[in-house]
Amino acid sequence: MKKAILIIVLLILAVAGFFGLKFYSKYYGSNVSKEGYVLIPHEANFNQVLDSIRPYVDNKESFVEVAKDKDMDEYFKPGRYHFAKGANNTSLVNMIKAGNQTENSFRIGDFGDIYQMVGKVSKKTELDSLKFVNDLDKIASEKGYKNAEDLKKYFFIDTYNFFWTVTPKEFFKKFEDQYNEFWTAERKAKEQQSGLTRDQIYALASIVYKESGGKPDEMKTIAGLYLNRYKKGMKLQSDPTVIYAMNKQTNFKESIKRVFYKHLSTPSPYNTYANAGIPPGPICVVDKNSVDAVLSPEKHDYIFMCADPERFGFHKFTASAEQHVINAKAYQDWLDSKNIK
């Protein structure tokens, strides 16, 4: 009798163990052997979600069972979700239902215009670039600007994190907040002392950034030089402004490495060889260092600068026109020797 009872107990335990193991495996056993990211758009239905996760889960049927048990077939949040190797169905379903998506890294560089920037940024968002631009145009219009290009001053060069589902409004809000934080009482006081408008400050900062190659070493020296020229009533004559004018004509589809005399008359309000004064706006997205350089320029008497062929990325500065001719000749000879066209 005891032996029969023992056998029955063992059978019960075996059956319970079998189903317990099956339950555990379905809900908590590893079901991801290939790591990756799953994108779930706002308009996706449950079947489309299943199609998206198919490459990453080993057992789709068990995932479906857990998802339906937790009502994910009726409710889930859009986003970019990281499927980690070894993850189980329960954690995956909970992640998607809660909307715990993974942020994406966005590098905002020295883009020539906002549309060029959006073309890169939108590739990491749910929206296409046209929708993104149209929404930024609306934001610009609400602020009294002509279009999204007039929002360029709100952006700073850096790396930022956003969700794949970020809206243009959320995207811009991050930069607008940063812009407002940047303009402290101290910087506003320097702005007043400079005698420049904020748009002029950003326009000069963009020239400083381009001329310096983004390196802070010479930014304040370069800022002081262009302010010297501006105050003397001289044309700024900055090569990057000519390059910008040419790039605008080709929609930034050509790489211009060298400015020749024939390019100096390129028609554009941004061309500082053809026009006196400060351009009507920045020729690129800037960084904070270049704006600070314009607000706190180095005091000197330089009015000429030329790239230094002996120190790549740096310049020779002078107040002498004669010395500048010598410096420029040395640089042109170097360009010719490298066959840079």
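As the structure is a prediction and not an experimental result, all values here were calculated from the model. (Residues numbered from 1 in each chain as written. Predicted model: local features only at pLDDT ≥ 70, side-chain atom pairs only at ≥ 80, totals over all residues. Heavy atoms only, no water.)

### Let's talk about helix 6 (residues 129-142)
So, point 1. Taking 1.5 Å per residue, 14 residues should reach 20 Å; helix 6 reaches 20 Å between its end C-alpha atoms and fits that length.
So, point 2. Among all positions in helix 6, only Phe132, Val133, Asp135, Leu136, Ile139 and Ala140 are buried. Seen end-on, helix 6 carries its buried residues on one side only, within an arc spanning 165 degrees. Relative to its buried face, helix 6 has exposed residues pointing more than 90 degrees away, namely Leu130, Lys138 and Glu142.
So, point 3. Where helix 6 is buried, its residues meet helix 5 (114-121) and helix 7 (168-182).
So, point 4. Sitting at the amino-terminal end of helix 6 is Asp128, which places a side-chain oxygen 3.2 Å from the backbone nitrogen of Leu130.
So, point 5. Phi turns positive one or two residues past the end of helix 6, at Gly144, with a value near 90 degrees. (Helix = DSSP H or I, 4+ residues; strand = E, 2+ residues; numbered from the N terminus. Expected span 1.5 Å × (residues − 1). Buried < 20%, exposed > 50% of the residue type's maximum accessible area, 1.4 Å probe, protein only. Arc of directions from axis to C-beta. Contact = heavy atoms within 4.5 Å. Polar contact = N/O pair within 3.5 Å; in protein donor to acceptor, adjacent residues only side chain to side chain.)

### Quick word on the pairing of strand 2 (residues 79-83)
The side chains of a regular strand alternate between the sheet's two faces.
So, point 1. The element strand 2 is largely enclosed, with a buried count of four among its five residues.
So, point 2. Relative to strand 2, strand 1 (residues 36-40) runs antiparallel, the two being bridged by five bridges. Residue pairing across strands places Gly36 opposite Phe83, the latter belonging to strand 2. (Pairing = 2+ DSSP bridges.)

### Some points on the environment of Phe304
So, point 1. Tracing the backbone through its elements, the reader meets Phe304 in strand 5 (residues 304-307).
So, point 2. Among the residues examined, Phe304 registers a relative accessible area of 16% and is labelled buried.
So, point 3. Measuring from C-alpha to C-alpha, the distance between Phe304 and Ile326 comes to 11 Å, with 22 residues separating the pair along the chain.

### Comments concerning the domain arrangement of the protein
So, point 1. For the protein, the assigned domains are domain 1 (15-98), domain 2 (104-182) and domain 3 (196-300).
So, point 2. Distance between the C-alpha centres of domain 2 and domain 3: 22 Å.
So, point 3. With 16 residues of domain 2 at the interface, the matching set in domain 3 holds 17 residues.
So, point 4. Around 1,500 Å² of area is buried between domain 2 and domain 3 when both sides are counted, 61% of it from carbon and sulfur atoms. (Domains from an automatic or database assignment. Buried area = accessible area lost by both parts, 1.4 Å probe.)

### Details of helix 2 (residues 46-53)
Side chains that are three or four residues apart share a direction in an α-helix, a result of its 3.6 residues per turn.
So, point 1. Taken together, the buried positions of helix 2 are occupied by Phe46, Val49, Leu50 and Ile53. Taken end-on, helix 2 shows its buried residues confined to a sector of 100 degrees, consistent with a single buried face.
So, point 2. Structurally, helix 2 contributes buried residues whose contacts are with strand 1, helix 3 (60-69) and strand 2.
So, point 3. In this structure Asn45 caps helix 2, since a side-chain oxygen of it lies 3.1 Å from the backbone nitrogen of Asn47.

### What to know about the pairing of strand 3 (residues 104-108)
So, point 1. Taking every second residue as pointing to the same face, the buried face of strand 3 carries Asn104, Phe106 and Ile108, while none of Ser105 and Arg107 on the other face is buried.
So, point 2. As defined by bridge partners, strand 3 adjoins strand 4 (residues 158-162) across five bridges and the pair is classed as antiparallel. Of the residues in strand 4, the one forming a bridge with Phe106 is Tyr160.

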